[in-house]
Amino acid sequence: MAAAGVQPDAVSYNTALLACQRAGEWDSVLELFERVRRAGGKGAPNAFSFNAALAACAATSRAAEAVALLGEMREAGAPPTLRSYAAVISACEAAGEWERALDILREAER
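Source: prediction; values computed, not measured.

A cluster of nonpolar side chains, contributed by Trp98, Leu102 and Leu105, occupies part of the molecular surface with about 310 Å² of accessible area. Position of Trp98 relative to the elements: it lies in helix α6 (residues 98-109). Relative accessible area serves as the criterion here: at 57%, Trp98 is assigned to the exposed category.

Turning to unusual backbone geometry, a few remarks are in order. The phi torsion at Ser61 lies on the positive side, around 60°, for a residue other than glycine. Position of Ser61 among the secondary structure elements: in the loop between α3 (47-59) and α4 (63-75). A relative accessible area of 36% means that Ser61 is categorised as partly exposed.

Judged by nonpolar contacts, the single largest core of 28 residues is most densely connected at Leu17, Val29, Phe50, Leu54, Ala66, Leu69 and Val88. Counting residues per element, the ones that place at least two in this core are α1 (10-22), α2 (26-39), α3, α4, α5 (82-94) and α6. Tallying contributions element by element places α3 first for this core, with seven residues. Not counting residues up to four positions away in its chain, the partners in contact with Ala66 are Leu54, Cys57, Val88 and Ala91.

Right, let's get into the packing of α3 against α5. Relative to each other, α3 and α5 sit at 20°, their axes nearing to 8 Å. For the element pair α3 / α5, the angle class is roughly parallel. Seen along the crossing, α3 lies across α5 with a hand that is left-handed. Within the contact between the two elements, α3 uses Asn51, Leu54, Ala55, Cys57 and Ala58 and α5 uses Arg83, Ser84, Ala87, Val88, Ser90, Ala91 and Ala94. For the contact of α3 with α5, the class distribution of residues is eight nonpolar, three polar and one charged.

Tracing the backbone through its elements, the reader meets Glu31 in helix α2. Given a relative accessible area of 54%, Glu31 falls into the exposed group. For the pair Glu31 and Asn14, spaced 17 residues apart in sequence, the C-alpha separation works out to 13 Å.

Turning next to the confidence of the model for the protein. Here the protein averages 93 in pLDDT, while 98% of its residues score no lower than 70. At the level of individual helices and strands, the protein shows its lowest average pLDDT in α2, which scores 93, and its highest in α5, which scores 97.

Next up on the list: the pattern of salt bridges. As enumerated under the stated definition, the model contains seven salt bridges in all. For the salt bridge of Glu34 with Arg37, the shortest nitrogen-to-oxygen distance reads 2.1 Å. With a gap of three residues between them, Glu34 and Arg37 both fall in helix α2, about one helical turn apart. With its nearest N and O atoms 2.5 Å apart, the salt bridge here joins Arg37 to Glu72. Of this pair, Arg37 sits in helix α2 while Glu72 sits in helix α4, and the two are 35 residues apart along the sequence.

The rules behind these values
Residues numbered from 1 in each chain as written. Predicted model: local features only at pLDDT ≥ 70, side-chain atom pairs only at ≥ 80, totals over all residues. Heavy atoms only, no water. Patch = residues over 30% accessible without salt bridge, like charges linked within 9 Å, V, L, I, M, F, W, Y side chains within 5 Å. Areas by Shrake-Rupley, 256 points an atom, 1.4 Å probe, with all protein chains shown as cover. Salt bridge = Lys/Arg side-chain N within 4 Å of Asp/Glu carboxyl O. Helix = DSSP H or I, 4+ residues; strand = E, 2+ residues; numbered from the N terminus. Buried < 20%, exposed > 50% of the residue type's maximum accessible area, 1.4 Å probe, protein only. Core = buried A, V, L, I, M, F, W, Y, C linked by side-chain atoms within 4.5 Å. Contact = heavy atoms within 4.5 Å. Axes fitted to C-alpha atoms, helices over the stretch in contact; angles between N-to-C directions. Parallel < 35°, antiparallel > 145°, perpendicular 65-115°, else oblique. Left-handed = near helix turned anticlockwise from the far one by under 90°. Nonpolar A, V, L, I, M, F, W, Y, C, P; charged D, E, K, R; others polar. pLDDT = per-residue confidence, 0-100.

What follows is the structure, given as C-alpha cells:
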C-alpha cells in the first residue's frame, strides 16, 4: 500500500486482523496488532482491533497480556465492550486463572 502512496487506515488494518482471526492465525493477529499500535493516526487501534487482539490472547491462553490490553484499551479511549470482557475472561479461563476471571467479571458488572 505504501508503495502505491496509500496509507493503511483502521478499516484496512481491521480487515487484515479479521482475515488472520478467521484463519486461526493468532500469532499473526498479535503481530499485526503491534503494527496497528505503531501506526497511530488514522490507523490507531479502535475497539474492533483491540477485540481481535483480545480474542487472540484468549485463543493462546495469554491472560496477563489480555488484562494489560484491556487497560490499554481504556487508556486509548476505546471503551471495552461485552466482547472485550468475554475475551479477557476466556483468556483467564484458558490459562487456569479462574480468580482473575472472576475479578474481570466483577469489573464488567460495574
